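Structural overview for review
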Amino acid sequence: MFIKQEFYLWKVTYDLVVKHKYEIVYIDEHKSEVWLAKNKRGEQNVLRLVHKELNWRNELKRDVINAQEQVRKNNHMFRGGRTHLHCIFVSEYPPIDAWEEVEIPLKKRIKQVSVYYLNDQEKVRGDSRFFEKFQLEMTKTDYELDDIEYESQVDYLKQKVMTIQRKRRKELQEVFSHGKTVAAFVLIVINLTLFAVMEWKGNSTSALTLIEFGAKYNPAILEGEWWRIVTSMFLHIGIVHLLMNMLALFYLGIAVEKIYGSTRFLTVYFLAGIFGGTASFMLNPQIAAGASGAIFGLFGALLFFGLNNKRVFFQTMGYNLIMIIGINIAFGIIVPQIDNGAHIGGLIGGFIASMMVGLPKRSNQLKSKLMAVLLYSLLMVSMITIGVYKGDGEQSALSHLQISQELNESKQFIESIETTTKALHHPGNYEAELLFNRSYAYSQNNQLSLAKQDLIKVIELQPKMAEAHYNLALIYQSEGDLNSAKQFAEEAASLQPAQEDFQKLINQFNNIE
């Protein structure tokens, strides 16, 4: 009867794989054991079919507990919700004692365990419960065949199942073999080279150097320098920023290029980077640079791949990838310096760009590609329109404020005066800060009367800006108006008592008296 049970095992396996699309997870043809899996309504159904003779229900209990442990150890192969483990035993005889009453303790991540015992003596009852559960037609094995015919059937069914397994493995390997990862390394070299040149010519953390080399600078973009959306993808602000992005590009770039091929990879990378840069232009008024938008686009490309290859996705990278994306977005929300517009925009742009280029060796994608092109175009036009509208006011002023501060630090006072004067046409909420920066540039350029006018206006706008009171005190001191100087010095000290320079200036006036 052994060969008859073998036939039964492989016939049921064949029906589950071919007719009901269960994935083959593992096959041990020598032990006559097969593991299958299928995600249904968010529940991962794992089937273990085994031809085994068990004499006592305690043996069955130990066997099922061991099966749970196998699921736990190979958790990466059973992703997609909590697991319902089905243990199906094919045997000539059932255990001697009442195996139906056995209590199986559940392991971690196992939602439920069901045991089916398909034996000859209770064949009808066992078949009915099992086949009703999985909506299979009952397999008839009570007809008369000789051993040679049974062996022939077993070999045939086994080979068919093994062929399906080999075919699916080959398809899985082909999924990750469409590119040679050349483009990813070229991009890394370009980024490293430009960073070295930028450090050699100036300082990668300097706003002036970044603007010179093509960083995203909204006022310049509004004047027609739209190429900055692209060039900013290859610039980085400091060594830490560079190394973090290059590490991400190394791992994500290799994965995406293997899946999509080099041409599709580069297309997704640039379209995502442009989309992310445009989103940054719309949402972030500050100077920005970095490959983050394009790199988040690679996240989007992998999510698109996962949407079309759920089983492979969750077996390989799925939950880890989603977790990394979530951490990066959360980190961006917590840390204000991070350009979330570029990150989220790049993620969305990468997903849409992946729809535009499609997955390799997939037919019937023309309609979805056209829809993706239309969606990408509409969103780009919308972001540019909003960015231009917002850029005429407060956003532009903030960018000029950032530049004027660095111009003052680098003693380029005439340029600082020109920048702030231009920004004060549409200052938004930054009028006081712009006037303060211009007053400092005026004072350093020996234009004290103009500096005094700006500082008086600053104090009117922000009476609690201690630095403005202090600088105005210095100007009055240089003009010989010691009473006014002392008045403003005392106001500065009252606003910031811990500031030593303010206290020293008051002491000078007291010593004179």
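Residues numbered from 1 in each chain as written. Predicted model: local features only at pLDDT ≥ 70, side-chain atom pairs only at ≥ 80, totals over all residues. Heavy atoms only, no water.

**Description of the sheet that holds strand E2 (residues 33-40)**
Put simply, the rule reads: When DSSP finds two or more bridges between two strands, those strands count as paired. Here a helix means four or more residues in a row that DSSP labels H or I, a strand means two or more in a row labelled E, and each is numbered from the N terminus. A fitted line through C-alpha atoms serves as each axis, taken over the contacting stretch for helices, and the angle formed by two N-to-C directions is quoted from 0 to 180°.
Ordered by their spatial adjacency, five strands build an open sheet running E1-E2-E3-E4-E5, and the pairing between neighbours is mixed. Two strands close off the open sheet at either side, each with one partner strand: strand E1 (23-28) and strand E5 (110-118). Put simply, the sheet's adjacent strands are angled 15 degrees from each other on average, direction ignored. Bridge count for E2 against strand E3 (residues 43-51) is eight bridges, and the pairing is antiparallel. By the bridge assignment, lysine 38 is partnered in E3 with asparagine 45.

**Overview of unusual backbone geometry**
Defined as follows: Here the term buried applies to any residue with accessible area under 20% of the maximum for its type, exposed to any over 50%, and partly exposed to those in between, with areas from a 1.4 Å probe on protein chains only.
Phi angles above zero are rare outside glycine, and lysine 21 is one such case at about 60 degrees. Topologically, lysine 21 is positioned in the loop between helix H1 (2-18) and E1. Classification of lysine 21 as exposed rests on a relative accessible area of 56%. Despite not being glycine, lysine 411 has its phi angle at roughly 65 degrees, a positive value. Inspection of the secondary structure puts lysine 411 in the loop between helix H16 (394-409) and helix H17 (413-423). Judged by its relative accessible area of 65%, lysine 411 falls in the exposed class.

**Side note on the packing of aromatic side chains**
Rule in force here: For Phe, Tyr and Trp, where Trp contributes only its six-membered ring, two rings pair if their centres lie within 6.5 Å, and the inter-plane angle classes them as stacked under 30 degrees, edge-to-face over 60, or tilted in between. Whether a charge sits over a ring comes down to the Lys NZ or Arg CZ being within 6 Å of the ring centre and within 35 degrees of the ring normal.
All chains considered together, the criterion is met by 12 aromatic pairs. Ring centres of phenylalanine 296 and phenylalanine 299 lie 5.3 Å apart, and the angle between their planes is 70 degrees; this geometry places the pair in the edge-to-face category. Here phenylalanine 296 and its partner phenylalanine 299 are both found in helix H11 (residues 292-308), three residues apart, which amounts to about one turn of the helix. Under the relative-accessibility criterion, phenylalanine 296 is labelled buried at 5%. Through pairs of rings, three or more aromatic residues link up here, namely Phe234, Phe265, Tyr269 and Phe270. In this structure, lysine 201 is placed above the aromatic ring of tryptophan 200, and the distance from its NZ or CZ to the ring centre is 4.6 Å.

**A closer look at the pairing of E3**
Of all nine residues that make up E3, nine are buried, and the element is covered over most of its length. Alternating positions in E3 separate into two faces, Glu43, Asn45, Leu47, Leu49 and His51 on one and Gln44, Val46, Arg48 and Val50 on the other, with burial throughout. Sheet topology places E3 next to strand E4 (residues 83-90); eight bridges connect them, and they run parallel. Across the sheet, the residue bridging to valine 46 is leucine 85, located in E4.

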